[in-house]
Amino acid sequence: MTQGDAGDPRTRLLADNLAATRDRIRRAATASGRDPESVTLIVVTKTYPADDVRRLVDLGVREFGENRVQEAAAKSDDGAFAGACLHLIGQLQTNKAAQAVRYADAIHTLDRAKLVAPLARASAATDRHPAILIQVSLDGDPARGGAPVADVPALVESALAAGLALRGVMAVPPRGTDPARAFADLARIRERVLTQAPAATMMSAGMSADLEAAVAAGATHLRVGSAILGSRVRVG
Ligand SMILES: *Cc1c(COP(=O)(O)O)cnc(C)c1O
């Protein structure tokens, strides 16, 4: 393989896109008086092959996001994420909780009480304690995952009671809404969660199209795919 080779055109393209994205983050942080170092870029490699993950690792990326547990597990078994952190950012089925705990360093999509016990059981069985984030549905539409805002306090209590490592909140802006407003809502929800769970400092928000608005609202973790890897073929 030539993926570590700077002459490889795909590696060059990823390097350029990564530099442009880091530049956007730096400018957005500076514009809102934030330290660019306080914002973590998670590169979302869903649908892209393990070789792209390896190219990105060679380019210094240490935080990766994947949607599907099975796809993440396959790339992980292939050694692609060695030395890097794997964030699971897709809707999680109860029967995939154990596999998620086995592979992930962070799970951004705790969105219902039913997931708490399977995650806790898997953590106890494997002694692995991934960072858990509560995904919030800002418009209450269950289609894209996320707990309704009103359910968040009870979900926080239940996660804490089960001993999960609750570390923050995550959201995807509802379709057709102003992302800046959605991220401001999420920032307020994080403030409330912090009163229950002081370690829940992470705010996972912002994608290729709206990362500036997320940084301005206080996001600590951005999930960026297409701006770095290219447009995905739609798989649903
Ligand atoms: C795919 C995905 C992303 C990345 O989106 P881009 O628009 O490609 O940057 C971020 N978050 C979630 C939850 C995703 O499913």
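Please read all numbers here as calculations on a predicted model, not as lab measurements.

What the protein chain contains, in helices and strands, is nine helices and nine strands. Referenced to the eigenvectors of the C-alpha coordinate spread, the extents of the protein chain come out at roughly 55 × 40 × 30 Å. With 236 residues in all, the protein chain has 49% of them scored as buried. Once local pairs closer than 6 in sequence are excluded, the contacts in the protein chain between residues at least 24 apart make up 57%. Of the accessible surface of the protein chain, which amounts to about 10700 Å², a share of 52% is contributed by carbon and sulfur atoms. Positive and negative charge centroids in the protein chain, built from 29 and 26 side chains respectively, lie 3 Å apart.

A separate point is the UniProt feature "modified residue: N6-(pyridoxal phosphate)lysine" (unreviewed entry) in the protein chain. In the numbering used here, UniProt assigns the "modified residue: N6-(pyridoxal phosphate)lysine" (unreviewed entry) feature to Lys-46. Along the chain, Lys-46 falls in the loop between strand S1 (40-44) and helix H2 (50-58). The contact partners of Lys-46, leaving out residues within four places of it in the chain, are Gly-65, Glu-66, Asn-67, Glu-71, Lys-75 and Arg-232.

So, on to the layout of surface pockets. Taken as a whole, the second largest pocket spans an internal volume of roughly 320 Å³. Along its surface, the second largest pocket is lined by 13 residues, and Arg-22, Pro-36, Glu-37, Val-39 and Leu-41 are the ones closest to its centre. For the lining of the second largest pocket, the secondary structure elements donating two or more residues are helix H1 (9-31) and S1. In terms of residue class, the lining of the second largest pocket is built from six nonpolar, two polar and five charged.

Our focus in this paragraph is the site of the ligand. If you check the shell around the ligand, you find Lys-46, Asn-67, Ile-89, Met-170, Val-172, Met-207, Ser-208, Arg-223, Val-224, Gly-225, Ser-226 and Arg-232 and nothing else. Contact between the ligand and Ser-208: an oxygen atom at 2.5 Å from a side-chain N or O atom of the residue. Contact distances for the ligand include 2.8 Å between an oxygen atom and a backbone N or O atom of Ser-226. Here the ligand, which alone exposes 380 Å², has 86% of that area covered by the protein. Residue classes in the shell around the ligand are distributed as five nonpolar, four polar and three charged.

Now for unusual backbone geometry. Even without glycine at this site, Thr-47 takes up a positive phi of about 75°. On the secondary structure map, Thr-47 appears in the loop between S1 and H2. Using a relative accessible area of 37% as the deciding quantity, one classes Thr-47 as partly exposed. Even without a glycine there, the phi angle at Asp-127 is positive, about 55°.

For the pair H1 and H2, interaxial distance at closest approach is 10 Å and the crossing angle is 60°. On the basis of the axis angle, H1 is oblique to H2. Pair H1 / H2 crosses with right-handed handedness. Taking contact as the criterion, the partners of Arg-10, Thr-11, Leu-14 and Leu-18 in H1 are, on H2, Asp-52, Arg-55 and Leu-56. The residue inventory of the contact of H1 with H2, partitioned by class, reads three nonpolar, one polar and three charged.

Turning our attention to the pairing of strand S9 (residues 221-224). Both faces of the sheet carry side chains from a regular strand, because those side chains alternate between them. Of the two faces of S9, the one carrying His-221 and Arg-223 and the one carrying Leu-222 and Val-224 are both buried. Sheet analysis places S1 next to S9, joined by four bridges and oriented parallel. Of the residues in S9, the one forming a bridge with Leu-41 is Leu-222.

In this section: the packing of aromatic side chains. A complete count under the given rule lists one aromatic pair for this structure. On the basis of an interplanar angle of 50° and a centroid distance of 5.6 Å, the ring pair of Phe-64 and Phe-81 is categorised as tilted. On the criterion of sequence distance, the pair formed by Phe-64 in strand S2 (residues 63-66) and Phe-81 in the loop between helix H3 (69-77) and strand S3 (85-88) is long-range, its members being 17 residues apart.

Calculation rules
- Residues numbered from 1 in each chain as written.
- Predicted model: local features only at pLDDT ≥ 70, side-chain atom pairs only at ≥ 80, totals over all residues.
- Heavy atoms only, no water.
- Helix = DSSP H or I, 4+ residues; strand = E, 2+ residues; numbered from the N terminus.
- Buried < 20%, exposed > 50% of the residue type's maximum accessible area, 1.4 Å probe, protein only.
- Contact = heavy atoms within 4.5 Å.
- Areas by Shrake-Rupley, 256 points an atom, 1.4 Å probe, with all protein chains shown as cover.
- Lys, Arg positive; Asp, Glu negative; His and termini not counted.
- Charge placed at Lys NZ, Arg CZ, Asp CG, Glu CD.
- UniProt positions renumbered as here; feature names shortened; annotations may be inferred.
- 1 Å grid on protein atoms, 1.4 Å probe; cavity = no way out; pocket = protein on both sides within 12 Å on 5 of 7 lines; lining within 4 Å.
- Points joined across faces, edges and corners; volume = space filled by probe spheres on them.
- Nonpolar A, V, L, I, M, F, W, Y, C, P; charged D, E, K, R; others polar.
- Near = heavy atom within 4 Å.
- Polar contact = N/O pair within 3.5 Å; in protein donor to acceptor, adjacent residues only side chain to side chain.
- Axes fitted to C-alpha atoms, helices over the stretch in contact; angles between N-to-C directions.
- Parallel < 35°, antiparallel > 145°, perpendicular 65-115°, else oblique.
- Left-handed = near helix turned anticlockwise from the far one by under 90°.
- Pairing = 2+ DSSP bridges.
- Phe/Tyr/Trp six-rings, centres within 6.5 Å; stacked < 30°, edge-to-face > 60°.

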